[in-house]
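Chain by chain, the residues run as shown.
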Amino acid sequence: MKPLIDPFGRAITYLRVSVTDRCDLRCIYCMTERMRFVPRPELLTLEELARLCAAFVQRGVRRLRFTGGEPLVRRGFLDLLHEVKRHLGAGLDEITLTTNGVQLAEFAEPLYHAGVRRVNVSIDSLDRDTFKRIARRDRLAQVLEGVDAAERAGLKIKINTVALKHDNAHEIPDLVKWAHGRGFDITLIETMPLGEIDEDRTDQFLSLARVREDMQSYWTLRDIPDRTGGPARYVRVEETGGRLGFITPLTHNFCEGCSRVRLTCTGRLYLCLGHETSADLRAPLRASAEDAPLQEAIDAAIALRPKGHDFVIERLSQPATERHMSATGG
Ligand code: SAM
Ligand code: SF4
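Residues numbered from 1 in each chain as written. Chains lettered and ligands numbered in written order. Predicted model: local features only at pLDDT ≥ 70, side-chain atom pairs only at ≥ 80, totals over all residues. Heavy atoms only, no water.

### Focus: the sheet that holds strand β8 (residues 233-237)
Two modes of strand pairing occur in sheets, parallel and antiparallel, and in both the strands are linked by backbone hydrogen bonds.
For step 1, the next point in the chain: The mixed open sheet is built from 12 strands, whose spatial order is β7-β8-β9-β6-β5-β4-β3-β2-β1-β10-β11-β12. Of all strands in the sheet, those bounded by a partner on one side alone are β7 (221-224) and β12 (278-280). Direction aside, the axes of adjacent strands within the sheet are offset by 25° on average.
For step 2, the next point in the chain: In the sheet, strand β1 (residues 14-18) pairs with strand β2 (residues 63-67) via five bridges, with the strands oriented parallel. Each residue of the ladder has a partner; that of Arg16, found in β2, is Arg65.
For step 3, the next point in the chain: Seen against the sheet, helix α2 (residues 77-85) touches β2 and β3 (94-99) and runs at an angle of roughly 175° to β2. (Pairing = 2+ DSSP bridges. Helix = DSSP H or I, 4+ residues; strand = E, 2+ residues; numbered from the N terminus. Axes fitted to C-alpha atoms, helices over the stretch in contact; angles between N-to-C directions. Contact = heavy atoms within 4.5 Å.)

### Considerations on the packing of aromatic side chains
For step 1, the next point in the chain: In the structure shown here, the tally under the stated rule is three aromatic pairs.
For step 2, the next point in the chain: Ring centres of Phe66 and Phe77 lie 5.7 Å apart, and the angle between their planes is 75°; this geometry places the pair in the edge-to-face category. Placement of the pair is Phe66 in strand β2 and Phe77 in helix α2, with a sequence separation of 11 residues. There is no split in this pair, since Phe66 and Phe77 are both buried.
For step 3, the next point in the chain: Arranged with centres 6.0 Å apart and planes meeting at 75°, the rings of Trp178 and Phe184 form a pair that is edge-to-face.
For step 4, the next point in the chain: A residue is classified by how much of its surface remains accessible, and Phe184, at 4% relative accessible area, is buried.
For step 5, the next point in the chain: The aromatic ring of Tyr112 is capped on one face by Arg117, whose charged end is 3.7 Å from the ring centroid.
For step 6, the next point in the chain: The aromatic ring of Tyr234 is capped on one face by Arg243, whose charged end is 4.4 Å from the ring centroid. (Phe/Tyr/Trp six-rings, centres within 6.5 Å; stacked < 30°, edge-to-face > 60°. Buried < 20%, exposed > 50% of the residue type's maximum accessible area, 1.4 Å probe, protein only. Lys NZ or Arg CZ within 6 Å of the ring centre and 35° of its normal.)

### Some details on the nonpolar core
For step 1, the next point in the chain: Grouped together as the largest cluster of nonpolar side chains are 94 residues, with contacts concentrated most on Phe56, Phe66 and Leu269.
For step 2, the next point in the chain: Ranked by residues supplied to this core, first place goes to helix α1 (residues 46-58) with eight residues.
For step 3, the next point in the chain: Leu269 has contacts with Leu15, Phe56, Val261, Arg262, Leu263, Thr277, Ser278, Ala279, Leu281, Ala301 and Ile302, leaving out every residue within four places of it along the chain. (Core = buried A, V, L, I, M, F, W, Y, C linked by side-chain atoms within 4.5 Å.)

### Re the site of ligand 1
For step 1, the next point in the chain: In the region of ligand 1, 19 residues are neighbours, and Tyr29, Gly69, Ser122, Val162 and Met192 sit closest.
For step 2, the next point in the chain: Contacts to ligand 1 include Gly69, whose backbone N or O atom sits 3.0 Å from a nitrogen atom.
For step 3, the next point in the chain: The contact in question runs from an oxygen atom of ligand 1 to an N or O atom on the side chain of Ser122, over 2.5 Å.
For step 4, the next point in the chain: Against a free-state accessible area of 550 Å², the protein chains account for coverage of 95% of ligand 1.
For step 5, the next point in the chain: Going through the elements one at a time, β3 and β5 (156-162) are the ones with two or more residues in the shell around ligand 1. (Near = heavy atom within 4 Å. Polar contact = N/O pair within 3.5 Å; in protein donor to acceptor, adjacent residues only side chain to side chain. Areas by Shrake-Rupley, 256 points an atom, 1.4 Å probe, with all protein chains shown as cover.)

### What to know about the pairing of strand β6 (residues 185-189)
For step 1, the next point in the chain: Within β6, five of the five residues are buried, which leaves the element mostly enclosed by the surrounding structure.
For step 2, the next point in the chain: Pairing geometry for β5 and β6, over five bridges, is parallel. What sits directly across from Ile159, in β6, is Ile186.
For step 3, the next point in the chain: Once you follow β5 into helix α6 (residues 172-181) and on to β6, the crossover reads as right-handed.
For step 4, the next point in the chain: Relative to strand β9 (residues 243-247), β6 runs parallel, the two sharing four bridges. Paired with Leu188 across the two strands is Phe246, which belongs to β9. (Right-handed = clockwise from strand over helix to strand, strands pointing away.)

These results come straight from atomic positions and should not be treated as a statement about function.
The following block contains the structure:
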């Protein structure tokens, strides 16, 4: 089958799949305390998710990343992974996961058996009170147990940390030292204006250009080529020997060369993280057991892919998109 190439000549080789919009945390930059989640009948079933993954792998997607909400709260998630695992080595290179780590202690080994070799674990603080304030849940101990279990199970771990001006800015160097001390890569993420939250985003936004500048006053950061095909730019911290990534969607443009699209748990395909442009794949999926109509719908969706995104954080401005990160999974 012909590969998926967008109108700007970019091949689509990476699919992020949000398997649920639900979560066992309520991070302040991501959700409100009282989120309204998608009604269950609107959710794709595990079989539908597996069929969509297969359809994308047939068209040249080589990497699948499962995310959420929190992927580990979706019932039957491991069954889905076992279904998708059969594509490994037959078009698919890798299955990965982005998780908050709360349930990782229980899931680490089963994930390994389901073909996962790398996980991204989001940790915004190593201080119990700060973690609790950011995540609105007192779960740091479980997350750290999850990290230990993942390491024991043989999973390669990368840490994701959202940089927040008031809550964790002072702690970032310690987080980097901790991650590198454990042999993990760590990526810092700027907050993105996705969905209504309870706070004013300009109060939380911390420029990673600033963070990097500060770091350079006490560390030597050496640029290294980006090998992930994603939005992160990497440096080597000479003093720790570890790899540090910066995801700066607001201050830099990472659209050129972007190979990824995002599927929500209701079957909507988003063509760009910062654009509303999307297409419904659930209707064609449910309309026919044949693959042809679904593949046509995928082609039509990719033809809509915009060149790049247009986030703007302005005080009191509307979010650039109405959906939350928990819908598209970051
Ligand atoms: N629950 C999982 C987790 O937290 O890793 C997976 C989904 S979460 C939406 C994926 C990533 O997006 C996390 O690293 C999270 O910190 C980040 N994220 C969520 N909302 C964000 C926002 N508004 N701006 C930037 N990053 C955000
Ligand atoms: Fe849940 Fe992840 Fe959003 Fe935090 S960032 S509320 S863990 S989906």
